[in-house]
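# Tertiary structure, described
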Amino acid sequence: MSLLVVFGGPKKELRTLLTLLSEEYARGEKVKLVLVHQACRLASDKTPDQMLKDLNVETYAVEEDIKEQDLSPHLAEEVRVIDYDGWVKLLEESRKVLSWV
Amino acid sequence: MHLKLLLVILTPPHDGHLKTALNLSEAALRKGHGVIVFMTGDGALHAAQDMAESMALKMKQLVERGMQLVACRESLRQKGLHHEERLLEGVRISSLAEMVDLMDSSDKTLVFD
Amino acid sequence: MTRRLCSIEEVNTITKSALIIIKSSESKSKETFEGLRIAMSMIGMDMMPKLLFCDEAVSFLWKDNKHRNDEKYAHYLETLAEMAGIKVLSTSLEDRHLLLCDLIESLNPQVISPSQASKLVSESDLILAV
């Protein structure tokens, strides 16, 4: 079961957050990231975050927030768009959750 | 598997966090999970009767479907909302001590700040 | 109906280990203050939290921070420092050109590395970020 991280902050905070998850990676634990609110911009392929790619974090973005910010045409391939039902499913499948919203 | 979810709201109205929390609650309730929304700090302002109608209506509907809506007594007092007639129907007044207890007994806790 | 007394073990005991990450800037001081209040409540309920200050929030520990004369705020920080200990992420200090000696001495903050901080995350059952 994975660690589910819900992130809604600016890009500079994501760096700190990913640093704090390094031990999880070292232990071979899976981390799944759900982007919400302004953080959905990180899912845009115009501003790809290398650290997310390097750590191979499974990344999701909430559909409603993507639509509100008109980001749909610009999403990076690896980002999966989910609705709230999908977010609940991720919660069901996770071992613990860290919300940084 | 039925989860017990605790959603803690720390931020005041109009920043979108409550809307996200309620949407998540709605989806969780649909799947048969238990949801408690705990409002504290500026988040307690969401418990006021005179808040935005659309949010109030949604909260009322979700409470009818089993969501628990709880607000911190001290935060309400600081905002002049400690009289029940000023609160939304269905809001239960409690304390941070209970919130800590809920954090311990819930399967997942999310904080919206 | 027979009622039985519960054993001491059955009395509501806290089981989870908690980490509170204080990460918000001074513009969100109300949320930060609430985070400290939650930490105090945890102590009251025998859930001893670990406290980690990072990113912009390290400024709350700075000697010249604008909340230093707020009695309630100072009281919360001092109590938490004494009972739970305060940890600060080293890279957050470096990014802001701050040293340990720039922080409020009486809080006895412990500067920890990213690796040590990530161990805290890994070892905690409950993680709150405010």
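Structure: see above.
Source: prediction; values computed, not measured.

Each value, and the rule that gives it
- Residues numbered from 1 in each chain as written.
- Chains lettered and ligands numbered in written order.
- Predicted model: local features only at pLDDT ≥ 70, side-chain atom pairs only at ≥ 80, totals over all residues.
- Helix = DSSP H or I, 4+ residues; strand = E, 2+ residues; numbered from the N terminus.
- Buried ≥ 20, exposed ≤ 12 C-beta atoms within 10 Å, placed from the backbone.
- Contact = placed C-beta atoms within 7 Å.
- Nonpolar A, V, L, I, M, F, W, Y, C, P; charged D, E, K, R; others polar.

Take the overall build of chain C next. Helix and strand counts for chain C come out as four helices and five strands. Across chain C, helices and strands are ordered from the amino to the carboxyl terminus as β-α-β-α-β-α-β-α-β. Overall, the C-alpha framework of chain C stretches about 65 × 35 × 25 Å when taken along its three principal axes. By the burial criterion, 38% of the 130 residues in chain C qualify as buried. Within chain C, contacts between residues separated by at least 24 positions form 77% of all contacts whose residues are at least 6 apart in sequence.

Another aspect to go through is the interface of chain B and chain C. Contacts between the two partners involve 14 residues from chain B, matched on the other side by 18 residues from chain C. Those elements that provide at least two residues to the side of chain B that touches chain C are helix H4 (96-105) and strand S5 (108-112) of chain B. The element contributing the most residues to the side of chain B that touches chain C is H4 of chain B, with six residues. Here the side of chain B that touches chain C is built from residues that sort into six nonpolar, four polar and four charged.

A word on the environment of Thr-109 of chain B. By the element assignment, Thr-109 of chain B lies in strand S5. Here Thr-109 of chain B falls in the buried class, since 26 other C-beta atoms lie within 10 Å of it. Sequence separation between Thr-109 of chain B and Lys-4 of chain B is 105 residues; the distance between their C-alpha atoms is 8.8 Å. Apart from the residues lying within four places of it in its own chain, the contact partners of Thr-109 of chain B are Leu-6, Val-8 and Met-103 of chain B together with Leu-126 of chain C.

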